[in-house]
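Summary of the model geometry
Here is what each chain is made of, one letter per residue.
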Amino acid sequence: MRVMLMVLPTRTHVHSMAPVGWALAAAGHDVRFVGQRGSREAVSFAETGLDVLWLGGELDLARHRRLQIDGNHARQGDFRISESRPERYTDEYVRNVYEHWVDVFRWTTPDSLLDDLVRFARQWQPDLVVWDSMLYAAPIVAHALGVPHLRMTHAADQTARLGAQYRDRRASRPGRTWPPDPFVTWMSTAVGRFGADYDETLRYGLRTIDCHPAYLRYEGVDVDYLPARFVPQDTPTTIPSWVLERPSRPRVLLDLSSLPGPCVEKTSVGFFDRQVPSTAETSVGLPDRQASSTEKTSLGLPDQQAPSAAETSFGLPDRQMPSTAETSLGLPDQQEPCTAETSLGLPDRQAPGTGKTSDGLSDRRGLSPEKTSVGLSGQRGPITEESSVRLPDRQPPGTAETSLRLPNQQAPSTAKTSVGDLLDALADLDLEVIATMPANQLTSLRAIPDNVRAVDSVPMNELLASCSAIVHQGAGATISTAVVNGVPQLVIPGTTWSERCSAVAQAKRGNGLLVDLEDATPASVRAGVCRLLEEPSFRECAREVRDEMLATPTLGDLVPELERIALCH
């Protein structure tokens, strides 16, 4: 069968959907990414090895991100989709955030793009559409053609949570005048242009593929989930030899390298200050701004010129493979060179020093020490369960270095913790700390403690196989990569998508801790790391969650169900 994968063109979203494409392609199906042009992420698409077809004008990811942040009042003040405190879920909050995100989704779905997508889909005749939960052009196209469509999450399902809150608020206040549901109004108009009628599958698809831990799913949402095992991915790169070595003392990953959440135009540093474009440059709800284009795009170099529309065609439905005029990103059967130190992030790779499970995911039991604890730096003897943690009396010195704050949010003065202070707080513990941060930030540190290895990039999945704990900001892929490696997590949550909701759920499950940004000081982070390493319950729970994930059906196991949905719809 023919399958269209439709995804927001960012690295995180492309990589989250690629594994289902691999599973379907391995079963013999014709699979391709189809969507709006995103040439800045040409490399991300190329890394998947799947064919790609771009239509319409270039998606302005920077503008898209500004709409999420500043686009009316939904992300200003108290109105953020990342909100996790039930007492904040007022009528005003729910309505503002719901209406705002409908605006954001509509902005990424201009009529000109829909016309191009529907025109192509009618010629190519897909049997199934699998779509990113942030990309509502996909269900419109599928619905216009009468093709079954499945949604896929990239993190905890905030869209479903918000939809359920909006539904429940309206139902619980029958005497209050609510405006028509803006999602229903918009989608009715969108599918009506193609002669179709609205139905509720446009919200969440026939079913939703979810590769994240079960404890991240919300109760009471109108979603029929297809749970699947998470497939961790690393950017193709050389693996440093030290990553594969068994550490002599507990290894802790301090991930300062990525800004969590959806719609990030490029990798940035979550803990560091970041300039946000002015709201004066932002407007919402401009669905027709994208120029129409029916050309097929060659996805080699980002600045590569695509053939003109007069020289290209969508092709006939019975053709087998795209021609070179369409330019696919890597042939499905193409073999890449592989060395002992190179990871291509493919699902069938063998993890170093470990066994392989049925989906090619290592059980990640090989490198992690069975028992870890933290002592002071002078204690270089064997690590035992009886070793204890003592917090020093000293206060790490304050500096003018880069402060520990979230993007798009002003941190209170008490939370202005420099990265140098954070590293100093861990300096006298008997740990090996791996701190990931951009190269230009490394030079700003006044000194790097002896027990810290600071790097600008390292394959996370490979590194976590030997880690005893991780500190990060709660991005969905980071959480799930730590889960499949059985690593306890300390989350200082971001405010982009589901970070704090996920951190709360994780702390409740028992495989991690939450330290809110306003409470994130060197002492609190140090104390949290020490708890993760010293209290066996975190390690035991992390292994339980890992085993639950490894027992979940693989995406390959789900292929027969996807085939059944396509044939029986």
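Rules used throughout
Residues numbered from 1 in each chain as written. Predicted model: local features only at pLDDT ≥ 70, side-chain atom pairs only at ≥ 80, totals over all residues. Heavy atoms only, no water. Helix = DSSP H or I, 4+ residues; strand = E, 2+ residues; numbered from the N terminus. Buried < 20%, exposed > 50% of the residue type's maximum accessible area, 1.4 Å probe, protein only. Contact = heavy atoms within 4.5 Å. Areas by Shrake-Rupley, 256 points an atom, 1.4 Å probe, with all protein chains shown as cover. Phe/Tyr/Trp six-rings, centres within 6.5 Å; stacked < 30°, edge-to-face > 60°. Pairing = 2+ DSSP bridges. Salt bridge = Lys/Arg side-chain N within 4 Å of Asp/Glu carboxyl O. Axes fitted to C-alpha atoms, helices over the stretch in contact; angles between N-to-C directions. Parallel < 35°, antiparallel > 145°, perpendicular 65-115°, else oblique. Left-handed = near helix turned anticlockwise from the far one by under 90°. Nonpolar A, V, L, I, M, F, W, Y, C, P; charged D, E, K, R; others polar. Right-handed = clockwise from strand over helix to strand, strands pointing away. Expected span 1.5 Å × (residues − 1). Bend = angle between axes of the 7 residues up to and from the residue. Polar contact = N/O pair within 3.5 Å; in protein donor to acceptor, adjacent residues only side chain to side chain. pLDDT = per-residue confidence, 0-100.

Time to look at the overall build of the chain. A count of helical and extended segments in the chain gives 17 helices and 15 strands. Each of the 569 residues in the chain was classed as buried or not, and the buried ones make up 59%. Sequence-distant contacts, at least 24 apart, represent 70% of the contacts inside the chain between residues at least 6 apart. Surface exposure of the chain reaches about 22000 Å², of which carbon and sulfur atoms provide 50%.

Scanning the entire structure with this criterion turns up 11 aromatic pairs. Seen from their ring centres, Phe-45 and Trp-54 are 5.6 Å apart, and the 80° between their planes marks the pair as edge-to-face. Residues Phe-45 and Trp-54 agree in their burial class; the two are buried. With centroids separated by 6.4 Å and ring planes inclined at 65°, the aromatic side chains of Tyr-136 and Trp-186 adopt a geometry described as edge-to-face. Of this pair, Tyr-136 sits in the loop between strand S4 (128-132) and helix H6 (137-145) while Trp-186 sits in helix H8 (residues 182-192), and the two are 50 residues apart along the sequence. Of the two residues, Tyr-136 and Trp-186, both sit in the buried class. Every member of this aromatic cluster is reached through a ring pair, and the members are Trp-101, Phe-105, Trp-131, Tyr-136, Phe-183, Trp-186 and Tyr-198.

For strand S3 (residues 51-58), the tally of buried residues reaches seven of eight residues, placing the bulk of the element in the interior. The pairing of strand S2 (residues 30-37) with S3 spans six bridges and is parallel. Across the sheet, residue Arg-37 finds its bridge partner in S3, namely Glu-58.

Right, let's talk about the pattern of salt bridges for a bit. Per the counting criterion, the structure on display carries 26 salt bridges. Among the ionic pairs, Asp-222 bridges to Arg-167, the shortest N-O distance being 2.6 Å. Of the two residues, Asp-222 sits in the loop between strand S6 (208-210) and strand S7 (225-227) while Arg-167 sits in helix H7 (residues 158-172), which places them 55 residues apart along the sequence.

Turning next to the sheet that holds S7. Strands sit in the order S3-S2-S1-S4-S5-S6-S7 across an open sheet of seven strands; the sheet is parallel. Of all strands in the sheet, those with a lone pairing partner are S3 and S7, marking the two edges. Ignoring strand direction, the axes of neighbouring strands in this sheet form an average angle of 25°. Across the sheet, helix H17 (residues 555-568) touches S4, strand S5 (149-152), S6 and S7, and the angle it forms with S7 is around 150°.

Right, let's talk about helix H14 (residues 499-509) for a bit. Looking at H14, one finds that the buried residues are Glu-499, Arg-500, Cys-501, Ser-502, Ala-503, Ala-505 and Gln-506. Along its buried surface, H14 packs onto H7, helix H13 (476-484), strand S14 (489-491) and strand S15 (512-514).

Across the sheet, which stays open at both edges, the six strands sit in the order S12-S11-S9-S13-S14-S15 with parallel pairing between neighbours. In this open sheet, the two edge strands, each paired with only one partner strand, are strand S12 (452-455) and S15. Adjacent strand axes in the sheet meet at a mean angle of 15°, parallel and antiparallel pairs treated alike. Where strand S9 (residues 251-255) and strand S11 (residues 432-436) come together, five bridges link them in parallel fashion. Bridging from a neighbouring strand, Leu-254 pairs with Ala-435 of S11. Each of S9, strand S13 (469-472), S14 and S15 touches helix H15 (residues 522-534); the most contacted strand, S14, lies at about 155° to it.

On to the packing of H6 against H8. Packing of H6 against H8 brings their axes to within 9 Å, and their N-to-C directions diverge by 45°. Classified by the angle between their axes, H6 and H8 sit oblique to one another. In terms of crossing hand, the pair formed by H6 and H8 is right-handed. Where H6 approaches H8, its residues Pro-139, Ile-140 and His-143 are matched on the opposing element by Trp-186, Met-187, Ala-190 and Val-191. Within the contact of H6 with H8, the residues separate by chemical class into six nonpolar, one polar and no charged.

This brings us to the pairing of S2. Counting buried positions over the eight residues of S2 gives eight, a clear majority of the element. Of the pairings in the sheet, the one linking strand S1 (residues 2-6) to S2 comprises four bridges and is parallel in character. By the bridge assignment for S2, Met-4 is matched with Arg-32. The parallel pair S1 and S2, bridged by helix H1 (residues 11-26), forms a crossover whose chirality is right-handed.

With that out of the way, let us pick up H1. For H1, with 16 residues, the first-to-last C-alpha span of 22 Å sits near the 22 Å given by 1.5 Å per residue. The largest bend along H1 measures about 30° and falls at Ala-18, with the proline Pro-19 one to four residues further on. Along H1, the residues that are buried comprise His-13, Val-14, His-15, Met-17, Ala-18, Pro-19, Val-20, Gly-21, Trp-22, Ala-23 and Leu-24.

Let's shift gears to the environment of Pro-148. Considering the arrangement of structural elements, one finds Pro-148 in the loop between H6 and S5. Using a relative accessible area of 5% as the deciding quantity, one classes Pro-148 as buried. Once the C-alpha coordinates of Pro-148 and Val-130 are considered, the two residues, 18 residues apart in sequence, prove to be 8.8 Å apart. Setting aside anything within four residues of it in sequence, one finds Pro-148 in contact with Asp-127, Leu-128, Val-129, Leu-206, Ile-565, Ala-566 and His-569.

On to the side chain of Arg-2, then. In this fold, Arg-2 is placed in strand S1. A polar contact of 2.7 Å, which involves the side chain of Arg-2, links it to the backbone oxygen of Trp-124.

What follows concerns the environment of His-569. Position of His-569 among the secondary structure elements: in the segment after H17. Expressed as a C-alpha distance, the spacing of His-569 and Gly-146, which sit 423 residues apart in the sequence, is 8.8 Å. Those residues within four positions of His-569 in sequence are excluded, and the remaining contacts are Gly-146, Val-147, Pro-148 and Leu-206.

Moving on, we get to the confidence of the model for the chain. The predicted model of the chain averages 74 in pLDDT, with 68% of residues at 70 or higher. Scored below 50 in pLDDT, residues 71-77 makes 25 contacts in the model with residues more than four places away or belonging to other chains. Confidence drops under pLDDT 50 across residues 258-415; counting only partners more than four residues distant or on other chains, this segment forms 407 contacts.

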